[in-house]
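# Tertiary structure, described
Letter by letter, the chains look like this.
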Amino acid sequence: MIFTEQDMISKVLSLIALLSVVSAQYQPTWESLDSRPLPSWYDEAKFGIFMTWGIYSVPSFESEWFWYYWHNGEPAYVDFMKKNYPPNFQYADFAPMFKAEFFDPNSWAKLLSMSGARYYVLTSKHHEGWTNWRSNVSWNWNSVDNGPHRDLVGELAQAIRKNTNMVFGLYHSLFEWFNPLYLKDKANKYQTQDYVKQVLLPELHDLINTYKPEYLWSDGDAGPDTYWTSKEFLAWLYNESPVKDTVVTNDRWCSNGCACHHGGVYTCRDRYNPGKLLNHKWENIMTVDKSSWGYRRNADIMDYLTIEELLYQLVSTVSCGGNLLMNVGPTADGRIVPVFEERLLQMGQWLSVNGEAIYSTKPWKAQKRHC
């Protein structure tokens, strides 16, 4: 076969194009992963709503860490259980009580839209291990096989996308407090990976492929990135997943220096508001309830931030280049209680007037105290 000069040029150009595509792939190294540009939708959004919802919403006492503190013998939690539940009651016995009987995803979507938020993040799984969808590695400890017998993640994903212009995202905990596989790996000083291979990675791939969240909010910094295979998963997420071009991630992927150093958005720590410009996009994730992420029945009105306090957080965060992700905790029966409703509507009312100074803005001038 005889090749003409034009054939050779064409083949060389094709090879160059192929090499450029290969070189554009993100490698499983922090240097490569951290070079990925942040999808533009996130910086333009500025304000999002986070919801912490799980089995802890049933006892709704003190915090979403209820099981952990009760299990570890914290007196207030032990006393609460002795006074209100029969002997030998187990945390798993709360699951059938998580009925979500008043949960209406379309009503939630309408309320969220009225808040002025541009993105939404739902707890798919907290550290207790309960999943709000039918995880194929969480048999009977999920919202379809137990409790409400509904795919809460799926229903909300559909309602948000159908009724709003908000971006849909999911929170997911890397570890589970009392999962035997995780505890075994931890006891082995993270030299084994049974939990990662049998639980974590199947769940993450299932969430991404099934619900296509455009914000994956990882949490739980116990264990090194080599244990979690964080870099390898993120390389797949950025290169091959169905949301590879639009997905945003945060920085909680390991205990060995990920927070505030690696990942798409720096969350650093809860309620993070540095009060100054940073050279990396950051997020202030905070709660309307001053003490808890999950709903708690023993809160009083003084435990909730006022609208003035929330607006201060929004303005100070955005002025320093950050996004505000504001948390409210639904009840076990699927309601957003009036105090949370009011704060959401108040935020929306303020943004309907002042949104031009928030959305899609850039910090202009560094102030002496706040930026």
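For the protein chain, the name recorded in an unreviewed UniProt entry is alpha-L-fucosidase, with Desmophyllum pertusum as its organism. According to the UniProt record, the Function (unreviewed entry) comment for the protein chain reads "Alpha-L-fucosidase is responsible for hydrolyzing the alpha-1,6-linked fucose joined to the reducing-end N-acetylglucosamine of the carbohydrate moieties of glycoproteins." Regarding the protein chain, the UniProt comment filed under Sequence similarities (unreviewed entry) reads as follows: "Belongs to the glycosyl hydrolase 29 family."

### Examining helix 9 (residues 194–211)
An α-helix turns once every 3.6 residues. As a result, residues three or four positions apart point the same way. Spanning 18 residues, helix 9 covers 25 Å between terminal C-alpha atoms, matching the ideal 26 Å at 1.5 Å per step. Taking the largest bend as the criterion, helix 9 deviates by roughly 30 degrees, centred on Leu200, and proline Pro202 comes between one and four positions later. Regarding helix 9, the residues found buried are Tyr195, Val196, Val199, Leu200, Glu203, Leu204, Asp206, Leu207, Ile208 and Tyr211. Just downstream of helix 9 lies Lys212, where phi reads positive at about 50 degrees.

### Details of the sheet that holds strand 7 (residues 322–328)
Either a parallel or an antiparallel arrangement is found when strands of a sheet pair, and the pairing is made through backbone hydrogen bonds. Across the sheet, 7 strands lie side by side as 5-4-3-2-1-7-6; this open sheet has parallel pairing. In the strand order of this sheet, the two ends are held by strand 5 (248–249) and strand 6 (282–287), each with one partner. Bridge count between strand 1 (residues 47–51) and strand 7: 5 bridges; the pairing is parallel. Pairing of Ile49 across the sheet is with Met326, part of strand 7. Each of strand 2 (119–125), strand 3 (167–173) and strand 4 (215–219) is contacted by helix 9, which is oriented at about 175 degrees to strand 3, the strand it contacts most. In this fold helix 13 (residues 338–354) packs onto strand 1 and strand 7, with an angle of close to 150 degrees to the strand it touches most, strand 7.

### Focus: the pairing of strand 4
Along strand 4, 5 of the 5 residues are buried, which leaves the element largely enclosed by surrounding structure. Along strand 4, one buried face is formed by Tyr215, Trp217 and Asp219 and the opposite face, lined by Leu216 and Ser218, is buried too. In terms of strand pairing, strand 4 meets strand 5 through 2 bridges, oriented parallel. The partner of Tyr215 across the bridge, within strand 5, is Val248.

### Some words on the pattern of salt bridges
In the structure shown here, the tally under the stated rule is 17 salt bridges. Taking the shortest distance from any N to any O, the salt bridge between Lys281 and Asp43 comes out at 2.6 Å. Here the residue Lys281 occupies a position in the loop between strand 5 and strand 6, and Asp43 occupies one in helix 3 (residues 40–45), the gap between them amounting to 238 residues. Here Lys281 falls in the buried class, since its relative accessible area comes to 12%. One continuous salt-bridge network, built from bridges that share partners, spans Asp43, Lys46, Lys281 and Lys362.

### Things to note about the nonpolar core
Within soluble globular proteins, side chains that are nonpolar tend to cluster in buried spots. Grouped together as the largest cluster of nonpolar side chains are 95 residues, with contacts concentrated most on Tyr120 and Leu237. Considering each element in turn, this core owes the most residues, 8 residues, to helix 9. In contact with Leu237, other than residues within four places in its own chain, are Ile208, Leu216, Val243, Lys244, Val247 and Thr249. Ranked by size, the runner-up nonpolar core spans 15 residues in total, among them Tyr42, Phe50, Val121 and Ile285.

Rules behind the numbers
Residues numbered from 1 in each chain as written. Predicted model: local features only at pLDDT ≥ 70, side-chain atom pairs only at ≥ 80, totals over all residues. Heavy atoms only, no water. UniProt positions renumbered as here; feature names shortened; annotations may be inferred. Helix = DSSP H or I, 4+ residues; strand = E, 2+ residues; numbered from the N terminus. Expected span 1.5 Å × (residues − 1). Bend = angle between axes of the 7 residues up to and from the residue. Buried < 20%, exposed > 50% of the residue type's maximum accessible area, 1.4 Å probe, protein only. Pairing = 2+ DSSP bridges. Contact = heavy atoms within 4.5 Å. Axes fitted to C-alpha atoms, helices over the stretch in contact; angles between N-to-C directions. Salt bridge = Lys/Arg side-chain N within 4 Å of Asp/Glu carboxyl O. Core = buried A, V, L, I, M, F, W, Y, C linked by side-chain atoms within 4.5 Å.

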